[in-house]
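# Remarks on the overall topology
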Amino acid sequence: VPTIGHPRLPPGSMGWPYVGETLGLYTQNPNTFFSNRQKRYGKIFKSHILGCPCVMISSPEIAKIILTQSHLFKPTYPISKEMMLGPQAIFFQQGSYHSHLKKLIQSSFLPSAIKGMVHKIEDIVLDLIASWDQHTNTINTLHEMKKYSYEVAMISVFGKEVEVNEIEGLKSLYNCIEKGYNSMPLNLLGTSFNKAMKARKLLNERLRKMIENRREIVEYGGGLLGVLLGLKEQDQLSDEQIADNIIGVIFAAHDTTASVLTWLLKYLHDYPHLLDAVKVEQEEIRCKRMETKRGITWEDTRHMPVTTRVIQETLRTASILSFLFREAVEDVELEGYLIPRGWKVLPLFRTIHYSSEFFPDPDKFDPSRFEVAPRASTYMPFGNGAHSCPGSELAKVEMLILIHHLTASYRWEVIGENNGIEYVPFPVPKHGLPIKLHRI
Ligand code: HEM
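Residues numbered from 1 in each chain as written. Predicted model: local features only at pLDDT ≥ 70, side-chain atom pairs only at ≥ 80, totals over all residues. Heavy atoms only, no water.

Scanning the chain from N- to C-terminus turns up 17 helices and twelve strands. The globule rule puts the C-alpha radius of gyration for 440 residues at 22 Å, and the 22 Å found for the chain is close to it. Out of the 440 residues in the chain, the part that is buried amounts to 53%. In the chain, the share of contacts with a sequence separation of at least 24, taken over all contacts with a separation of at least 6, comes to 73%. Of the roughly 19400 Å² of accessible surface on the chain, 54% is carried by carbon and sulfur atoms. Treating the 50 positive side-chain charges of the chain as one cloud and the 48 negative ones as another, the clouds have centres 3 Å apart. (Helix = DSSP H or I, 4+ residues; strand = E, 2+ residues; numbered from the N terminus. Rg over C-alpha atoms; globule rule 2.2 N^0.38 Å. Buried < 20%, exposed > 50% of the residue type's maximum accessible area, 1.4 Å probe, protein only. Contact = heavy atoms within 4.5 Å. Areas by Shrake-Rupley, 256 points an atom, 1.4 Å probe, with all protein chains shown as cover. Lys, Arg positive; Asp, Glu negative; His and termini not counted. Charge placed at Lys NZ, Arg CZ, Asp CG, Glu CD.)

Quick look at the structure:
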């Protein structure tokens, strides 16, 4: 409701001048940062991160209001993130331009579109696994998962026929952007923000060239880029709109999936009885495949309930998107508190996913809790409302296919300390989870 009377600001601390509580947020264990504040202040509290005053929300009902009432809470990111991803990208849009883009992007990630990618995704997995045998069998999980999700993102965006040299050059630029993603927006020579912005500019130039080439040969090619280039005249997008959205989708698809996959491997390592259950399920599918001498299919991925629940629990426990950013379009009153116009509002998924009210014994990794569907709006790893994730099915299929082949070929042990978290830019196990692989 818009404000009436004189409600007060929510309780909470704004931290240090300018940096606010940013440092605490990105160095502490995220569970500790949020749960300490929730205990002290309740389900709505104020803070100050990345240069912005904000209100954090840990009630599912209120989080849902924030995500679905887009006329009161528009999607917005700190200016640093908006500049890095491109101002025309889908994340920052509203109204008819947003729904137009959303339909186009969704069409490239519907089950019907993913079905056609399964074979290629399987090839990527098999090549990746084969490449490990050539090393000492010691790998950095996050790096390898990034390679994998990057290649899948590339084929979904540029089509299955994309040339390796076309995409290799984009990789280091992406890495640079990722490094600057959580940095303070200080555009001084040498800062990670400055490096990320330079990489963003180069990436834009490369993409413009790819767009130009594809327009010249009239064949627009496959993938999302093919869809965006092939629009009828009245629906056409400018090159800038196309570039920002291609860059945005790759970003949204790449690190997210790689980070969740890294957690997935960690949890399967930490809980051998779950790994055994997953292996039994996958072995059955492998036997069927062997009988008919075929690769994995979309239908196979629909018959993996045990593995699917492990993935659901991984998404809950890892909660790699601890929160999202929205902005109050006008002064709004929520639960008796004022949210001033222009303040950021952050639904705290992680805190909701770790609430014992909705997920009993929340620190326990227990996939069986998903044998019963979670209460409405309490489980939002892919968001909610108009901006919810169009890539959720692709992400899950990627995980299922990797697990199918990995559990058939390898067991793995974690090297060194197996605790702790770092941000690159999403929370992942410390040092990216170095593991030693043993061929079965
Ligand atoms: C496990 C991996 C992933 C997770 C946890 C994840 C999570 C999310 C979440 C929470 C949102 C909502 C953002 C908001 O409301 O502001 C979102 C949006 C989005 N995701 Fe994903 N995502 C994943 C993988 C992917 C993949 C593979 C793609 C590839 C298509 C993708 C593309 C997008 C796009 C384009 C949006 C913006 C949608 C919009 O603004 O309307 N994501 N994602």
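On to the nonpolar core. Nonpolar side chains in soluble globular proteins tend to end up buried together. Tyr148, Phe158 and Ile246 are the most contacted members of the largest nonpolar core, which has 109 residues in total. It is helix H12 (residues 239-270) that provides the largest number of residues to this core, a total of 16 residues. (Core = buried A, V, L, I, M, F, W, Y, C linked by side-chain atoms within 4.5 Å.)

With 18 residues, helix H8 (residues 141-158) should cover 26 Å at 1.5 Å per step; its first-to-last C-alpha distance of 25 Å lies within 8% of that length. The buried fraction of H8 amounts to 15 of the 18 residues, a majority that puts the element mostly inside the structure. Where H8 begins, one side-chain oxygen reaches toward the backbone nitrogen of leucine 142, 3.2 Å away; that side chain belongs to asparagine 140. Following H8 by one or two positions, glycine 159 adopts a phi angle in the positive range, close to 95°. (Expected span 1.5 Å × (residues − 1). Polar contact = N/O pair within 3.5 Å; in protein donor to acceptor, adjacent residues only side chain to side chain.)

Attention now goes to the site of the ligand. Looking at the ligand, there are 26 residues lining it, with His98, Lys102, Arg326, His387 and Cys389 nearest. Separating an oxygen atom of the ligand from a side-chain N or O atom of arginine 326 is a distance of 2.8 Å. Residue histidine 387 places a side-chain N or O atom 2.7 Å away from an oxygen atom belonging to the ligand. Listed by contribution, the elements that provide at least two residues to the shell around the ligand are helix H5 (95-108), H12 and helix H17 (392-409). Examining the composition of the shell around the ligand, we find that six residues originate from one element, H12, more than from any other. Each residue belonging to the shell around the ligand can be placed in one class, and the counts come to 17 nonpolar, seven polar and two charged. (Near = heavy atom within 4 Å. Nonpolar A, V, L, I, M, F, W, Y, C, P; charged D, E, K, R; others polar.)

With the rule as written, the count across this model stands at eleven aromatic pairs. Ring geometry for tyrosine 150 against tyrosine 174: centres 6.4 Å apart, planes inclined by 70°, an arrangement best described as edge-to-face. Linking tyrosine 150 in helix H8 with tyrosine 174 in helix H9 (residues 164-180), this pair joins segments that are 24 residues apart in sequence. When the ring of phenylalanine 323 is compared with that of phenylalanine 325, the centres are 5.5 Å apart and the planes differ by 90°; the resulting orientation is edge-to-face. Here the two residues phenylalanine 323 and phenylalanine 325 agree in accessibility, since each one is buried. Cluster of aromatic residues (ring-pair linked, three or more members): Trp263, Tyr267, Tyr271 and Phe365. Positioned above the aromatic ring of tryptophan 298 is the side chain of arginine 302, whose terminal nitrogen or guanidinium carbon lies 3.9 Å from the ring centre. The cationic tip of arginine 316 hangs over the ring face of tyrosine 354; the distance from NZ or CZ to the ring centre is 5.5 Å. (Phe/Tyr/Trp six-rings, centres within 6.5 Å; stacked < 30°, edge-to-face > 60°. Lys NZ or Arg CZ within 6 Å of the ring centre and 35° of its normal.)

Here the UniProt feature "binding site: heme" (unreviewed entry) sits at Cys389. Tracing the backbone through its elements, the reader meets cysteine 389 in the loop between helix H16 (349-353) and H17. Judged by its relative accessible area of 33%, cysteine 389 falls in the partly exposed class. (UniProt positions renumbered as here; feature names shortened; annotations may be inferred.)

All right, on to the sheet that holds strand E12 (residues 434-439) then. Strand order in the open sheet formed by three strands is E4-E12-E9, and the pairing between neighbours is antiparallel. Across the chains shown, the open sheet's two edge strands, defined by having one partner strand only, are strand E4 (138-140) and strand E9 (410-414). Neighbour to neighbour, the strand axes of the sheet diverge by 35° on average, direction disregarded. (Pairing = 2+ DSSP bridges. Axes fitted to C-alpha atoms, helices over the stretch in contact; angles between N-to-C directions.)

Looking now at the sheet that holds strand E2 (residues 52-57). Sheet architecture is open: five strands sit in the order E1-E2-E8-E5-E3, paired in mixed fashion. Where the open sheet ends on each side, the last strands, each with one partner, are strand E1 (44-49) and strand E3 (73-75). This sheet shows a mean twist of 35° between the axes of neighbouring strands, independent of strand direction. Where E1 and E2 come together, six bridges link them in antiparallel fashion. Bridge pairing in E2 links isoleucine 44 to isoleucine 57. In the packing of helix H3 (residues 60-68) onto the sheet, the strands contacted are E1, E2, E3, strand E5 (326-328) and strand E8 (344-347), and the crossing angle to E8 comes to about 125°.

Now for the confidence of the model for the chain. If pLDDT is low for a region, its predicted coordinates should not be looked at in detail. The share of residues in the chain with pLDDT of 70 or more is 94%, and the mean pLDDT across the chain is 89. By mean pLDDT, helix H1 (residues 22-27) is the weakest element of the chain at 61, and helix H15 (residues 305-318) is the strongest at 98. Across the whole predicted complex the pTM is 0.92, and at the interface the ipTM reaches 0.99. (pLDDT = per-residue confidence, 0-100.)

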